[in-house]
Structures are given as C-alpha cells and as structure tokens.
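# Coordinates in review
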Amino acid sequence: MPPYPTHQVTAAFAIFSSVISVGTLLIRHVIIRPKMIAREMLVTSMLVSGLINSVNTMISGCIYLATGALPITGTVACSTSGFIRQWTMPALDYTLLVISLTTSSVLMQKTNSAGVMDAISKNIWYILAAIWGVSLGTAITAQTAVGYINSGTWCWIAGEPLPLATYMRFGLMHVPKMIIFVIMIVCYGILFRELHRRQKSIIRMFKRGESQRTSHGTSSSDEKSQNKTSLNPSVSKDQHHSQTSKLTCKSTSRKNDPLLRSMLLLAIYPIAFIILWAPMIVHRLYEAVGIVNPTMQFLTAFTFLHPGVNCIIWLVTQFLKGRQESHAQISEQGKRLASTTPNTVRQTRRASNGEVL
C-alpha cells in the first residue's frame, strides 16, 4: 500500500477531473469547434491525455472504494490500467514542456514572433508524434522490464525486483518530470524577466518623449506660430518622420497583439502544472533520502486535480479570448463607420463645435 493517506480524496479528485474533462472536450469539439492550429492542437493533446489518465484513475479508484482492493497484481486489468497511466502521464508532461518552450520562444522574439510560430505550425504533427511515441515507449519499457502491480488507488510500475524497479520508476517517471519542472521554471523566469525589462524600457521611452515634447513646446513657441502662418507644412520633416515611425510601430504591434495575447494565455497551463506538481516533486525528493513527510504525502493527492484544472483554464481563456475578439470587432466596425462618414457630416460636426472650417 502506498503512503498516500486518503485514497478517498484521490478518487474524488480523479472523478472531478474526469467529469470536467469530458464536459470540456464536448464543449470544445461540438459547440466551439476551434481551428486546429498549432496552439489548439497542443491544448487538445494536453486535454486528451489528461482525460484518459483521469478516467483510468477514476475507474480504479471507484473499484478500490467499492471493494476495498484493486485488481490482483499480474492480471490483465491491472496491467492495462498501469500501462495506460504510464502512457498518458508522460504525454501530458511532454505536451506541457512543448507548450512552455513554444511560449518562451515566441514571446522572446522582438520582431519575428509570427515566423517562429509558423515554423512550429509546419512541424506540429511531428512534434505530437514524438510526444506520444516517446510516452508509449516508456510504457512498453516498464511492461517488459518489471510489469505493473497494485499500487493503492491505481496500478503502476512494480516495486520489485530491486534495484531495477526503482530505476524504472525514477528513470521513466520521476526524473523526467523533475527535469521538465526545472526547465519550465527556468523558461518562465527568463521570459518574465525579459517582459519586465521590455516594459521598463517602454516606460522610459514614453517618459523621454513626454519630456522632449514639453521642452520643445516651451522653447519654440515662436517657431510654431511662424509655421502656422507660413506656406510650409505645419509639421517639420523630423516631426513627420517621428510620427510615421510611431504609427508604423503601433500598426506592427497591433498585428502581433493577437498572437502575443494567445501565447500569454497559453503560458497559464505550465504554471498550473508547476503549482500542482510541486508537492509531488518535493515528496519524491524526500523519499529518495529516506524521509517521510505526512504533509507532502497528503498534498500529492492534489496532483489528480491537474487535468480538471487544465480544463477550467481552457474554459476561462476561451471566455477571455471571446471578449477580446468582440472588443476588436466593435473597434473595427467603429473605424469603418468613421472612414465611410461623408465629409459634409464631419464639417457639420466641426462647425457645431465652434471650429473654423
């Protein structure tokens, strides 16, 4: 029997994740039907792997709660349950790793974020095949090396013979998860530092521009009055060039805004993984040095909420994306109406405001 203190909590979390996962996938593919671009395909891979793992754990957990025991070690039912678990868990981990690397690589780009995303989109099927292929390889390796046994509320890699079973458990599951955990933390640490640096540079540029405009307005009032009465344009060539560059930067940023917003929303999934799996990582490190921590043992049950939390994150991000798209459509319609307004109406509005035509 494993050290987990409350099998009821584990089974309840697995049931919750299974129900939420089924409902989310139905909403996703029956009602919303998103375009299968690279981002959506990665999210689909994550949701499907979480659904399969949750249903598998739910079935074995319900059997445990009803009968007090799981299928006997060595039976087809126990081996199948352990095989499915070992196949889907690494698939979920590797998918989240790809999401982290994709998000970081796109957001770290200053000018070619769309090009990076296009390159990922062209190879997305190879990426998904590698994710599920490597995960399948770990399940086959564990089956042929030591097999799967009753492990409490689920069947998993056998704990004997030693030390081969220990190598299988740590080599196929724990160590890769720890490595992915560290890579995610490093990626998002570098990413958030870069975004913070860019934000500070934008603020500095804005303040510098405000100070330049203030000093220019106080020192060249005579020049402005002469420019208004002269036949030359009211804006100098330098000012026109600066305004043109600002408009170009704004238009470029607006083109990249939807992609950047989508990638920032995609970054929430690995962050949830880090939060929910941190107790499990710490617990395994304690186990490796022979320390038993009851608090960490209990907190490991919350890892079974992970698939359900992913589904909730997806539902929330869909709501946020829908609001963003609706606001974008409203603003676009407003621009079109403004551009099609007759000049006479504009002149009438200006005259009513007291402007000189």
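Note that the coordinates shown come from a computational prediction; the quantities given were computed from them, not determined experimentally.

### Things to note about the overall build of the chain
Looking only at helices and strands, the chain has twelve helices and two strands in total. Looking at the 357 residues of the chain, the share that counts as buried comes to 38%. For the chain, restricting intrachain contacts to residue pairs at least 6 apart in sequence, the fraction spanning at least 24 positions comes to 76%. Element-wise, carbon and sulfur atoms account for 65% of the exposed surface of the chain, whose accessible area totals about 20,400 Å².

### Notes on the nonpolar core
Ranked by internal contacts, the top residues of the largest apolar core, which has 59 residues, are Val43, Met46, Leu47, Leu96, Ile157, Tyr269 and Phe273. The residues touching isoleucine 157, leaving out its near neighbours within four places in the chain, are Gln86, Ala142, Val146, Gly147, Tyr148, Ile149, Met168, Arg169 and Leu172.

### Notes on the state of the cysteines
Scanning the entire structure with this criterion turns up one disulfide. Paired by a disulfide, cysteine 78 and cysteine 155 hold their sulfur atoms 2.2 Å apart. Of note, the bridge from cysteine 78 to cysteine 155 carries an S-S torsion of about -115° and is left-handed in sense. Of the two residues, cysteine 78 sits in helix H3 (residues 76-108) while cysteine 155 sits in strand S2 (residues 155-157), which places them 77 residues apart along the sequence.

### Overview of helix H4 (residues 113-122)
What H4 keeps buried is the set Ser113, Val116, Met117 and Ile120. Taken around the axis of H4, the buried residues stretch over an arc of 95°, which confines them to a single face.

### Observations regarding the environment of isoleucine 59
Looking at where isoleucine 59 falls in the secondary structure, it is placed in helix H2 (residues 38-67). Here isoleucine 59 falls in the partly exposed class, since its relative accessible area comes to 46%. Residues isoleucine 59 and tryptophan 154, 95 residues apart in the sequence, show an inter-C-alpha distance of 8.8 Å.

### What about the environment of arginine 85?
Locating arginine 85 in the fold gives a position in helix H3. Separated by 36 residues in the primary sequence, arginine 85 and serine 49 have C-alpha atoms spaced 9.6 Å apart. Non-local contacts of arginine 85, meaning those with residues more than four positions away in its chain, are made with Asn53, Asn56, Thr57, Pro90, Trp154, Cys155, Trp156 and Phe304.

### A word on the pattern of salt bridges
Counted by the stated rule, this structure contains three salt bridges. Across the salt bridge formed by aspartate 93 and lysine 177, the nearest N and O atoms sit 2.5 Å from each other. With aspartate 93 in helix H3 and lysine 177 in helix H6 (residues 164-219), this residue pair connects regions lying 84 residues apart in the sequence. Here arginine 197 ties to glutamate 194 by a salt bridge, and the two come within 2.6 Å at their closest N and O atoms. Of this pair, arginine 197 and glutamate 194 are both found in helix H6, three residues apart, which corresponds to roughly one turn of the helix. When its relative accessible area of 14% is taken as the criterion, glutamate 194 is described as buried.

Basis of the calculations
- Residues numbered from 1 in each chain as written.
- Predicted model: local features only at pLDDT ≥ 70, side-chain atom pairs only at ≥ 80, totals over all residues.
- Heavy atoms only, no water.
- Helix = DSSP H or I, 4+ residues; strand = E, 2+ residues; numbered from the N terminus.
- Buried < 20%, exposed > 50% of the residue type's maximum accessible area, 1.4 Å probe, protein only.
- Contact = heavy atoms within 4.5 Å.
- Areas by Shrake-Rupley, 256 points an atom, 1.4 Å probe, with all protein chains shown as cover.
- Core = buried A, V, L, I, M, F, W, Y, C linked by side-chain atoms within 4.5 Å.
- Disulfide = S-S within 2.5 Å.
- Arc of directions from axis to C-beta.
- Salt bridge = Lys/Arg side-chain N within 4 Å of Asp/Glu carboxyl O.

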